[in-house]
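Chain and residue survey
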Amino acid sequence: MSAPQRMAEIAGGGIGGLATAALLARDGWKVRVHERGDQIREIGAGIYIKNNSIEVLEQLGVFDAMAPLGLQLQRAEIRFPDGSLRQQRSLAGLSRVHVFSRQAVIEALRDVALAEGAEIVTDSTVTGVTEQGGRYALRTQKGAASTADLVVGADGVNSAVRNSLPMRSGFRVLPTIIDRFLIQGREFTPENKTVEHWSGNRRIGVTPAGPDSTYVYMVAPERDATAKKLPLDAADWSARFPELAGLMQALSQAPATQYNYGVVNCPHWAMKNVAILGDAAHGLPPTLGQGAGLTLINAYALAHHLRQEADVARAIRQWEHNVRFISDQTQTWACRYDWFSRQWPTSLDVARPLITWAFGRFRYLNDRMRIADQGLRLAGIDMTR
Ligand SMILES: Cc1cc2nc3c(=O)[nH]c(=O)nc-3n(C[C@H](O)[C@H](O)[C@H](O)COP(=O)(O)OP(=O)(O)OC[C@H]3O[C@@H](n4cnc5c(N)ncnc54)[C@H](O)[C@@H]3O)c2cc1C
């Protein structure tokens with residue numbers, strides 16, 4: 001007699017919830033995703049999809065179809081306001097990076113989750129979990145708690161699932177703001193490279209995000225009231241970044257989203273039959289462009305451990321034990337990067353180019369900071385099998 005089909009209830013239809021749904025459904029689970037929005041959609045502009053993300057998307061069989069919608073980058077640069085090049089990295093091998101519009105990524109994950117047989121319920125807000133007979137059941141605003149063999153809290157930085165569990169967890173907003181734009185055309189990004197321009201405590205990242213689009217992000221300390229204005233103050237930004245004056249003018253007419261950096265503290269990812277995943281578990285400043293990458297490898301690793309170990313509670317404990325260090329270290333480095341770029345004292349400005357140069361020059365430093373690029377081989381999980 002075959003074993004009864006196992007059931008997973010997933011809170012959140014973002015990158016984490018949908019990737020987990022596809023992976024578990026493929027392994028024979030009955031999966032239901034609860035998304036509070038009225039449709040599956042991403043807010044924001046572009047997204048860097050790095051080697052670790054790509055490896056999971058390849059395993060899901062969606063990357064080849066997605067690739068033409070985005071663009072592969074050849075190198076990353078950091079430049080100072082005089083146009084001088086302060087750091088250059090080649091983006092090949094385990095450092096490969098593609099850029100996409102966010103919507104392209106979420107739609108690919110939604111489609112593969114549905115194709116694998118997962119159910120996605122929109123307009124379904126999760127309010128938390130309730131303990132029932134030694135394990136947790138998911139509660140939604142609409143009705144009774146749903147029992148499941150596995151509950152996944154992939155409901156973002158303010159996770160209702162995480163917040164309802166008996167642990168001290170939370171989301172702390174950092175005093176850094178980021179504006180994001182996705183504009184038509186490649187006038188400002190003719191080459192396949194991403195450039196981060198630094199001027200004092202402000203940064204502007206400019207990158208092609210597809211054959212005919214450009215993604216721009218602008219970062220500044222929250223206390224910088226002029227930098228915070230939207231529509232952006234083109235004259236003020238141009239004075240700080242003279243070589244980007246044309247782009248600033250174009251952006252002053254373009255729609256933007258503004259967001260505060262933040263960091264999640266989640267002491268336990270595994271509690272009985274509940275797994276906390278993605279930003280809900282390790283939300284971090286986007287300084288290394290790795291939030292989705294961590295989310296995807298952790299989703300893959302979760303499915304892997306559930307395949308290896310039949311006892312769900314034990315499997316997810318092993319999952320946390322095995323892979324968590326990659327996210328923890330990346331979160332620490334992402335916060336350091338934020339501190340270095342936002343708070344570095346002006347009295348020490350002379351040292352900043354040196355540190356920036358050293359991270360470009362000595363591969364060891366960059367590899368430590370960008371540990372997540374290496375993906376699950378760090379945790380001994382062979383994704384080719
Ligand atoms: C400015 C910025 C730039 C970034 N750039 C990059 C990048 O270049 N590369 C990269 O890898 N990562 C990047 N990230 C990080 C990346 O976007 C996140 O790590 C990733 O989206 C996390 O996915 P998630 O599914 O865990 O969470 P989310 O994307 O937050 O998805 C959570 C989902 O759950 C839903 N939800 C929330 N609460 C409930 C509830 N109570 N009930 C039901 N549904 C609920 C939400 O509507 C949402 O759909 C960036 C993040 C930011 C903020």
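Note that the structure is a prediction, hence the values are computed from the model and not measured.

Attention now moves to the overall build of the chain. When its secondary structure is counted, the chain shows 13 helices and 19 strands. In summary, the chain has a C-alpha radius of gyration of 21 Å against a globular reference of 21 Å for 385 residues, a match within 12%. For the chain, the spread of C-alpha atoms along the principal axes amounts to about 70 × 40 × 40 Å. Taking all 385 residues of the chain together, the buried fraction comes to 56%. For the chain, the distance from the average site of its 43 positive side-chain charges to the average site of its 38 negative ones is 5 Å.

The subject of this paragraph is the state of the cysteines. A full pass over the atoms with the stated rule returns zero disulfides. Take C266: it sits in no disulfide, and the sulfur closest to it among the cysteines is that of C335, at 15 Å.

Let us now look at the packing of aromatic side chains. Two descriptors summarise a pair of aromatic rings, namely the distance from one centre to the other and the angle between the planes of the rings. Taken as a whole and assessed by the stated rule, the structure comprises nine aromatic pairs. Taking 6.4 Å as the distance between ring centres and 15° as the angle between the ring planes, the aromatic pair formed by F80 and W198 counts as stacked. Of this pair, F80 sits in the loop between strand 5 (75-79) and strand 6 (85-90) while W198 is found in strand 14 (residues 193-199), placing the two residues 118 residues apart along the sequence. Residue F80 shares its accessibility class with W198, and that shared class is buried. For the ring pair W237 and F241, a centre distance of 6.0 Å and an interplane angle of 20° mean the geometry is stacked. Relative accessible area serves as the criterion here: at 0%, F241 is assigned to the buried category. Three or more aromatic residues joined by ring pairs make a cluster, and in this case those are F80, W198, Y337 and F340.

Under the domain assignment, the chain is made up of domain 1 (7-73 + 99-172 + 261-379) and domain 2 (175-260). With centres defined by C-alpha atoms, the gap from domain 1 to domain 2 works out at 26 Å. Every contact between the two is made by 29 residues of domain 1 and, on the other side, 28 residues of domain 2. Three residues, Y48, Y261 and R342, lead the burial of domain 1 against domain 2; their summed loss comes to 32% of the area buried on that side. Between the two partners, domain 1 and domain 2, sit zero salt bridges. Counting every contact that joins domain 1 to domain 2 gives six residue pairs in polar contact (both at pLDDT 80 or more). For the side of domain 1 that touches domain 2, the secondary structure elements donating two or more residues are strand 3 (46-50), strand 4 (71-72), strand 7 (97-101), strand 17 (257-265), helix 11 (312-343) and helix 12 (352-361). With five residues, helix 11 is the largest single contributor of residues to the side of domain 1 that touches domain 2. Each residue belonging to the side of domain 1 that touches domain 2 can be placed in one class, and the counts come to 16 nonpolar, nine polar and four charged.

Judged by nonpolar contacts, the single largest core of 88 residues is most densely connected at V31, L109, L150, L306 and W319. In this structure L109 touches I15, L18, A19, L57, L60 and L296, once residues within four positions along its chain are discounted. Counting 17 residues, the second largest nonpolar core, distinct from the first, contains V216, F241, L251 and A254.

Right, let's talk about the pattern of salt bridges for a bit. Under the definition given, this model contains 23 salt bridges. The partner of E9 in a salt bridge is R32, and the shortest N-O contact between them spans 2.5 Å. Here E9, found in strand 1 (residues 7-11), pairs with R32, found in strand 2 (residues 30-34); they are 23 residues apart in sequence, far enough to count as distant. For R32, a relative accessible area of 23% puts it in the partly exposed group. The closest approach of N and O atoms between R324 and E320, which form a salt bridge, is 2.9 Å. Taken together, the residues R324 and E320, both in helix 11 and four residues apart, mark about one turn of the helix. The same class applies to R324 as to E320, namely buried. Within the structure, one salt-bridge network assembled from shared partners comprises R75, E77, R79, E191 and K193.

Our next topic: the site of the ligand. What surrounds the ligand is a group of 30 residues, the closest being G16, E35, R102, V126 and D279. Contact distances for the ligand include 3.2 Å between an oxygen atom and a backbone N or O atom of I15. Elements with a minimum of two residues in the shell around the ligand: helix 1 (15-26), strand 3, strand 13 (170-184) and helix 10 (291-308). Ranked by the residues each element gives to the shell around the ligand, the list is headed by helix 10, at four residues. A class-by-class count of the residues in the shell around the ligand yields nine nonpolar, 14 polar and seven charged.

Further remarks concern the sheet that holds strand 7. Strand order in the open sheet made by the three strands is 3-7-4, with antiparallel pairing throughout. Each end of this open sheet is capped by a strand with a single partner; those strands are strand 3 and strand 4. For strand 4 and strand 7, the ladder comprises two bridges, and the chain directions are antiparallel. Directly across from L71, in strand 7, lies its bridge partner V99. The sheet contacts of helix 2 (residues 51-59) involve strand 3 and strand 7, and relative to strand 3 the element is tilted by about 80°.

Rules of the game
Residues numbered from 1 in each chain as written. Predicted model: local features only at pLDDT ≥ 70, side-chain atom pairs only at ≥ 80, totals over all residues. Heavy atoms only, no water. Helix = DSSP H or I, 4+ residues; strand = E, 2+ residues; numbered from the N terminus. Rg over C-alpha atoms; globule rule 2.2 N^0.38 Å. Buried < 20%, exposed > 50% of the residue type's maximum accessible area, 1.4 Å probe, protein only. Lys, Arg positive; Asp, Glu negative; His and termini not counted. Charge placed at Lys NZ, Arg CZ, Asp CG, Glu CD. Disulfide = S-S within 2.5 Å. Phe/Tyr/Trp six-rings, centres within 6.5 Å; stacked < 30°, edge-to-face > 60°. Domains from an automatic or database assignment. Contact = heavy atoms within 4.5 Å. Buried area = accessible area lost by both parts, 1.4 Å probe. Salt bridge = Lys/Arg side-chain N within 4 Å of Asp/Glu carboxyl O. Polar contact = N/O pair within 3.5 Å; in protein donor to acceptor, adjacent residues only side chain to side chain. Nonpolar A, V, L, I, M, F, W, Y, C, P; charged D, E, K, R; others polar. Core = buried A, V, L, I, M, F, W, Y, C linked by side-chain atoms within 4.5 Å. Near = heavy atom within 4 Å. Pairing = 2+ DSSP bridges. Axes fitted to C-alpha atoms, helices over the stretch in contact; angles between N-to-C directions.

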